[in-house]
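Read off the chains here:
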Amino acid sequence: MPYSRREIIHILRSAAFQRAKGDRSRAHPLCEEAGQAARTVFGQTIYQRGVIEFSSQCDMACLYCGLRLPNTRLDRYTLSHPDVLHAVDTAVQCGMGTIVLQSGQTAQPDPALIAELVSVIKSRHRVAVTLSLGEHPEDVYRLWRDSGADRYLLKIETTDEALHQRLRPGQTAATRLRHVERLQRLGFETGSGIISGLPGMTPDILAEDLIRLSSLGLEMLAVGPFIPHPDTPLGHSSRGCLTQALLAMAFLRLQNRGANIPATSALDSISPEGRILGLQAGANVIMPSFTPDTVRGAYSIYPGKNRPGSKAADIATALQQRVLSAGFELTNITGNSKTPLFSRLPRMLEGTL
Ligand code: 5AD
């Protein structure tokens, strides 16, 4: 590993100090190094994933998330299959090589219906399908894998057990990690990630999160800064720091050279140039939302997540223009990870023993 725990903590702390002094004039050298590393592996090419947030139902009570069950101010919706398929068509027309089906974590929808949706999407389009539906029993994961789902995203949020249990009532980091490992063994390209700047997250905890995440041989890794949602118990907490989120991403890139790392939309909630700064600091993926505008505003994980009103295709096109103007190239290939096989092998072998 190129950086020790102590060095990571030191850089994360000094970045907060620099920011306090108001020194935002140029990117941190570490972000530049991570940007270079990403370009060495991926060139200027940016992979595109179209996210369809097909249901805002959620059984969980995570303190940071607007979808939490106790939030009664949220309109709950579940899209019909024809509506999802229409959104998929739009995403493919806009150049997306991967479709990400996302919802809250709920036991409500029949897993067989999701399996059917995946197989219809795979039969209609040459795209990869990623599921991001929270924790489920192993036989459900297997059903979805068998129906053709290629990838699964399950963010750990933080590996610090005390903080995790405080922010995700009734849940543990250890269980979450076990689910991630299970998904890897089932043959999904697996992704995980964290929220930086969560209330109670120290630079030491964030550094540990980055080290733990990097030890898992994941194909996808993400960091998004915490954005307070007014209808949650953390509504009055301070938001995460942009510089810290970018540095966290840069560390992930430097330690996981071939992984797919998105410039998360939470970056844009802090700064209008957030996602471009993310690409310059080592990200290689954008994930525009193709959730229909009739319900998009209701998928309110954090404020600014999904702008209601405009058509999804128009918002995606505007993002694509920004990415191109910043000197990147866009592709519609599925964009599998370049995580070397040897870092995934131990987990894959475990599955066969
Ligand atoms: N701020 C930033 N990211 C958040 N997420 C949920 N709530 C917030 C928030 N308030 C992220 C989590 C979740 C993903 C869908 O959105 O990482 O897994």
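Here goes a summary of the coordinates provided.

**Considerations on the packing of aromatic side chains**
The geometry of an aromatic ring pair is captured by two quantities: the separation of the ring centres and the angle between the planes.
Now for step 1: In the structure shown here, the tally under the stated rule is five aromatic pairs.
Now for step 2: Geometrically, the ring pair formed by Phe 42 and Tyr 47 is edge-to-face, given 5.7 Å between the ring centres and 90° between the ring planes. Across this residue pair, the class does not change: Phe 42 and Tyr 47 are buried.
Now for step 3: Here the aromatic residues Tyr 141, Trp 144, Tyr 152 and Phe 188 are joined through ring pairs into a cluster of three or more.
Now for step 4: The positively charged end of Arg 145 is found above the aromatic ring belonging to Phe 188, 5.6 Å away from the centroid.

**Description of the environment of Leu 63**
Now for step 1: Position of Leu 63 among the secondary structure elements: in the loop between strand 1 (45-55) and helix 3 (81-93).
Now for step 2: According to the relative accessible area criterion, Leu 63 is buried, its value standing at 18%.
Now for step 3: Setting aside residues up to four positions removed in sequence, Leu 63 forms contacts with Arg 68, Arg 166, Leu 167, Pro 169, Thr 232, Pro 233 and Leu 234.

**Some points on the packing of helix 3 against helix 4 (residues 111-124)**
Now for step 1: Relative to each other, helix 3 and helix 4 sit at 35°, their axes nearing to 11 Å. At the point where helix 3 passes helix 4, the crossing takes the right-handed sense. Of the residues in helix 4, those in contact with His 81, Val 84, Leu 85 and Val 88 of helix 3 are Leu 113, Glu 116, Leu 117, Val 120, Ile 121 and Arg 124.
Now for step 2: In terms of residue class, the contact of helix 3 with helix 4 is built from seven nonpolar, one polar and two charged.

**Focus: the pairing of strand 5 (residues 189-196)**
In regular strands, side chains alternate between the two faces of the sheet.
Now for step 1: A large share of strand 5 lies buried, amounting to eight of its eight residues.
Now for step 2: Burial along strand 5 is two-sided: Glu 189, Gly 191, Gly 193 and Ile 195 facing one way and Thr 190, Ser 192, Ile 194 and Ser 196 facing the other are all buried.
Now for step 3: Relative to strand 6 (residues 220-225), strand 5 runs parallel, the two sharing six bridges. Paired with Gly 193 across the bridge in strand 6 is Ala 222.

**Considering unusual backbone geometry**
Now for step 1: Despite not being glycine, Glu 157 shows a phi value in the positive range, around 70°.
Now for step 2: Position of Glu 157 relative to the elements: it lies in the loop between strand 4 (151-153) and helix 6 (161-167).

Cut-offs applied
- Residues numbered from 1 in each chain as written.
- Predicted model: local features only at pLDDT ≥ 70, side-chain atom pairs only at ≥ 80, totals over all residues.
- Heavy atoms only, no water.
- Phe/Tyr/Trp six-rings, centres within 6.5 Å; stacked < 30°, edge-to-face > 60°.
- Buried < 20%, exposed > 50% of the residue type's maximum accessible area, 1.4 Å probe, protein only.
- Lys NZ or Arg CZ within 6 Å of the ring centre and 35° of its normal.
- Helix = DSSP H or I, 4+ residues; strand = E, 2+ residues; numbered from the N terminus.
- Contact = heavy atoms within 4.5 Å.
- Axes fitted to C-alpha atoms, helices over the stretch in contact; angles between N-to-C directions.
- Left-handed = near helix turned anticlockwise from the far one by under 90°.
- Nonpolar A, V, L, I, M, F, W, Y, C, P; charged D, E, K, R; others polar.
- Pairing = 2+ DSSP bridges.

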